[in-house]
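Geometric and topological summary
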Amino acid sequence: MQIKAILFDIDGTLVDTNDMHVLSWEEAFATVGASFDRQVIHDQIGKGTDMLVPTLLPDADEDQQEKLGDTHGAIFKAKYLETAKPFAQAHDLLAHAHGLGQQVVLASSAAEAELDHYIDLLDARDLIAATTSSDDVEKTKPAPDIFATALKKLPGIDPTEVIVVGDTPYDIEAAAKCGIAAVAVRSGKFEGQATPVGRRDRDLRRRRGLARRLRNLAAGTLIAMAITLKPLRDQVIVVTGATSGNGLAIVEEAVKRGAAVVATARNETALEALRDRLSADGGRIAICVADVSDMAAVERVAAVAIEAFGGFDSWVNNAGAGTYGTLEQVPVADHRRVFDVNYFGVLHGSLVAARHLRGRGGGAIINVGSILSDRAIVEQGPYCATKHAVQALTDTLRMELEQEGAGISVTLIKPGAIDTPFPEHARNFMDQPPRLPPPLYAPSVVADAVLFACGTPRRTLYAGGGGLMSSLLSRAAPRLSDKIMELVGTVAQQKPEDPGDPARRDNLYAPRVDALRGSQDVQARESSTVLQAQKLHPAILLLGVVGAGIAVALSRPKDTSR
């Protein structure tokens, strides 16, 4: 692809103003007696007055919205405009693009006079081919108004030959709606001051990397998108296997946190009941009956999401099926069915999700694997094989999307044993009722991991410390792990005299009664310290591990012998 033009956003991309806008909005809201956490305001920066104000103050009428916008603008102009500084290397970014023969356009929702001030700050008058400001369009946002207007100033250039360089998920999404590829170069948290040096240094490093990418544009290389995920409350999330166990917990918690959800499963009755229950409480939910082993059905799920909510931001591949019994006991047809659901269902969802998210400028794909992705267990051979395959699929998908710079986060969730109806739903060839081996965790633990991954890029998350310990033991002593499984694996997966609800038995080929938890008499932990530790920033986690190691070393008695 030949890149002929680059549209640069200004606020937060070239000039360090986002935190200044947060402070200005805070003062503006205070004039009407409203107060919001600064991080909440920061998360909405980039939407513009006609979207930001209704999001935070849904009861405000148009006059109030306009007045707040004017108040914000006046405060920003009076207190911060003259102190705004360009990010280091911002001029160099524009110069690199100009030097490669790209048409450089400043496409901003700033007013014309404000834009003119920024051009002087950036020393960019000789580098710019055109500008687009809020004076050029009726509304300052949504950004497609700005970007679409900018495209009109580039005659003879197709949207596929243009890139937008912005700083928020809204820039990415807005650009995608115009058919433009996009890259977000900055996102983050409110830092508590208008021009934090530490953050500027961090952005400097990012922009140096972007400058290198700009030099590659001469060869037609697409700028790699930084992965920038929306706050959960602004997302539309697709969840497969949504009427039972982990999937049901994910849907309920996502709606509780303010996300819109597209729930899909085979069980039409359960789906309709779920929709009616959650929508009655004000939840945003759409449903689609689908078997994920059918690619056409998965395509319909995406179509429902587009029709109901205009698209989706995260896709959770959660649907699963299983059997209990030895490899010989389980018929080959049932082996294939487990693969059709657990592997090909994830493949279908991943392909459909990746195609859609590319068009939206990024998002998240979360695949629910298992601790059995790391090691096998007796009596669940087909299930273990599929989860190993899902891990390989997820890793390959992640690498391919990173290679093309798609801006899509890909996460594998590895639950341990979770108290769901899985043992009752699985087809059983053992001579005793199946169960999951302890320790068990509540489905809410998996939901917490999945929803964290919807908003925070992570490679892998273990849901439950028991599963992680099993994985670590398998890696450290694989033969010992084998022997343990051989000795106790079958007994640990059987629960004589407690078969559970017969109405749930065997959903391999057709849906049965669904539920959040299993009906067998088991104990399940409601939280996972291991999961919470994984949610920490990697640097903090590493520091904690190092600190623990130092503490252990210092606690050892000194050898006083000579």
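Our subject is the structure that appears above.
Our subject in this report is the structure included herewith. All of these numbers come straight from a predicted model, not from anything done at the bench.

1. What about a negative patch on the surface?
- Taken together, the side chains of Asp61, Glu62, Asp63, Glu66 and Asp70 define an acidic patch exposed on the protein surface.
- The residue Asp61 is located in the loop between α3 (49–56) and α4 (62–79) in this model.
- What makes Asp61 partly exposed here is its relative accessible area of 40%.

2. Brief notes about the packing of aromatic side chains
- Under the defined criterion, the tally for this structure stands at 6 aromatic pairs.
- Relative to Phe36, the ring of Phe29 lies with its centre 5.0 Å away and its plane at 70°, an arrangement referred to as edge-to-face.
- Feature note: the residues Trp25, Phe29 and Phe36 constitute an aromatic cluster, connected by ring pairs.

3. Considerations on helix α10 (residues 245–256)
- If you check α10, its first and last C-alpha atoms are 17 Å apart, about what 12 residues at 1.5 Å a residue would give, namely 16 Å.
- For α10, the buried fraction is high: 9 of the 12 residues fall into the buried class.
- Burial in α10 covers these residues: Gly245, Asn246, Gly247, Leu248, Ala249, Ile250, Val251, Ala254 and Val255.
- In the segment just after α10, Gly258 is the residue with positive phi, at about 100°.

4. Some words on a nonpolar patch on the surface
- A grouping of Leu473, Leu480, Ile484, Leu487 and Val488 is seen on the molecular surface, where their side chains present a nonpolar patch of about 450 Å² in accessible area.
- Ranked by residue count, the leading element in the nonpolar patch is helix α19 (residues 478–492), at 4 residues.
- Judged by its relative accessible area of 42%, Val488 falls in the partly exposed class.

5. Considering helix α11 (residues 268–280)
- Taking 1.5 Å as the rise per residue, α11 with 13 residues should run 18 Å; its terminal C-alpha atoms sit 18 Å apart, in good agreement.
- Here α11 has its buried residues at Leu271, Leu274 and Leu278. Buried residues along α11 cover an arc of 65° about the axis, so they all sit on one side. Relative to its buried face, α11 has exposed residues pointing more than 90 degrees away, namely Thr269 and Ala280.
- Those residues of α11 hidden inside the fold are in contact with α10, β7 (260–265) and β8 (285–289).
- Regarding α11, its N-cap is Asn267, as a side-chain oxygen of that residue lies 3.3 Å from the backbone nitrogen of Thr269 further along.
- Looking one or two places after α11, you find Gly282, whose phi comes out positive at around 90°.

6. A look at the pattern of salt bridges
- Under the criterion given, the structure shown has 27 salt bridges.
- Its salt-bridge partner being Lys4, residue Glu161 comes within 3.3 Å of it at the nearest N-O pair. On the criterion of sequence distance, the pair formed by Glu161 in the loop between α7 (144–152) and β4 (162–166) and Lys4 in the segment before β1 (5–8) is long-range, its members being 157 residues apart.
- The partner of Lys495 in a salt bridge is Asp498, with the nearest N and O atoms 4.0 Å apart. Just as Lys495 is buried, Asp498 falls in that class too.
- Sharing partners across several salt bridges, the network here consists of Glu253, Arg257, Asp448 and Lys535.

7. Description of unusual backbone geometry
- A cis amide bond links Pro438 to the next residue, Pro439, at an omega of 0°.
- Examined against the element boundaries, Pro439 turns out to sit in the loop between β14 (427–428) and β15 (440–441).
- Despite not being glycine, Glu379 shows a phi value in the positive range, around 75°.
- Mapped onto the fold, Glu379 is located in the loop between β11 (363–368) and α15 (381–404).

8. Structural notes on the side chain of Thr420
- Relative to the assigned elements, Thr420 resides in the loop between β13 (417–418) and α16 (422–425).
- Not counting residues up to four positions away in its chain, the partners in contact with Thr420 are Gly245, Asn246, Pro443, Leu516, Arg517 and Gly518.

9. Notes on empty space enclosed by the protein
- According to the stated counting rule, one finds 4 cavities of 30 Å³ or more in the structure shown.
- The computed volume of the largest cavity comes to approximately 130 Å³.
- Lining the largest cavity are 15 residues; nearest its centre among them are Thr228, Lys230, Asp313, Gly362 and Gly363.
- Sorting the residues of the lining of the largest cavity by element identifies α8 (169–177) and β11 as the ones contributing at least two each.
- With 3 residues, the top contributor of residues to the lining of the largest cavity is α8.
- By volume, the second largest cavity amounts to about 60 Å³.
- In terms of lining residues, the second largest cavity is bounded by Ile418, Asp419, Thr420, Pro423, Glu424, Arg435, Leu436, Leu440, Gly518, Gln520 and Val522.
- Its residues assigned to classes, the lining of the second largest cavity comprises 5 nonpolar, 3 polar and 3 charged.

10. Comments concerning the side chain of Asp313
- Its location among the elements puts Asp313 in the loop between α12 (295–309) and β9 (314–317).
- Among the residues examined, Asp313 registers a relative accessible area of 7% and is labelled buried.
- Sequence-distant contacts of Asp313, defined by excluding residues within four places in its chain, comprise Glu173, Lys230, Asp234, Gln235, Val236, Leu357, Arg360, Gly363 and Ala364.

11. A closer look at the pairing of strand β12 (residues 408–415)
- Among the 8 residues of β12, 8 are classified as buried, and the element is accordingly described as predominantly covered.
- Residues Ile408, Val410, Leu412 and Lys414 of β12 are buried on one face, and the alternating residues Ser409, Thr411, Ile413 and Pro415, pointing to the opposite face, are buried as well.
- Looking at chain direction, β11 and β12 are connected through 6 bridges and run parallel. Each residue of the ladder has a partner; that of Ala364, found in β12, is Ser409.
- You can see the chain leave β11, run along α15 and come back into β12, and the turn it takes is right-handed.

What counts and how
Residues numbered from 1 in each chain as written. Predicted model: local features only at pLDDT ≥ 70, side-chain atom pairs only at ≥ 80, totals over all residues. Heavy atoms only, no water. Patch = residues over 30% accessible without salt bridge, like charges linked within 9 Å, V, L, I, M, F, W, Y side chains within 5 Å. Areas by Shrake-Rupley, 256 points an atom, 1.4 Å probe, with all protein chains shown as cover. Salt bridge = Lys/Arg side-chain N within 4 Å of Asp/Glu carboxyl O. Lys, Arg positive; Asp, Glu negative; His and termini not counted. Charge placed at Lys NZ, Arg CZ, Asp CG, Glu CD. Helix = DSSP H or I, 4+ residues; strand = E, 2+ residues; numbered from the N terminus. Buried < 20%, exposed > 50% of the residue type's maximum accessible area, 1.4 Å probe, protein only. Phe/Tyr/Trp six-rings, centres within 6.5 Å; stacked < 30°, edge-to-face > 60°. Expected span 1.5 Å × (residues − 1). Arc of directions from axis to C-beta. Contact = heavy atoms within 4.5 Å. Polar contact = N/O pair within 3.5 Å; in protein donor to acceptor, adjacent residues only side chain to side chain. 1 Å grid on protein atoms, 1.4 Å probe; cavity = no way out; pocket = protein on both sides within 12 Å on 5 of 7 lines; lining within 4 Å. Points joined across faces, edges and corners; volume = space filled by probe spheres on them. Nonpolar A, V, L, I, M, F, W, Y, C, P; charged D, E, K, R; others polar. Pairing = 2+ DSSP bridges. Right-handed = clockwise from strand over helix to strand, strands pointing away.

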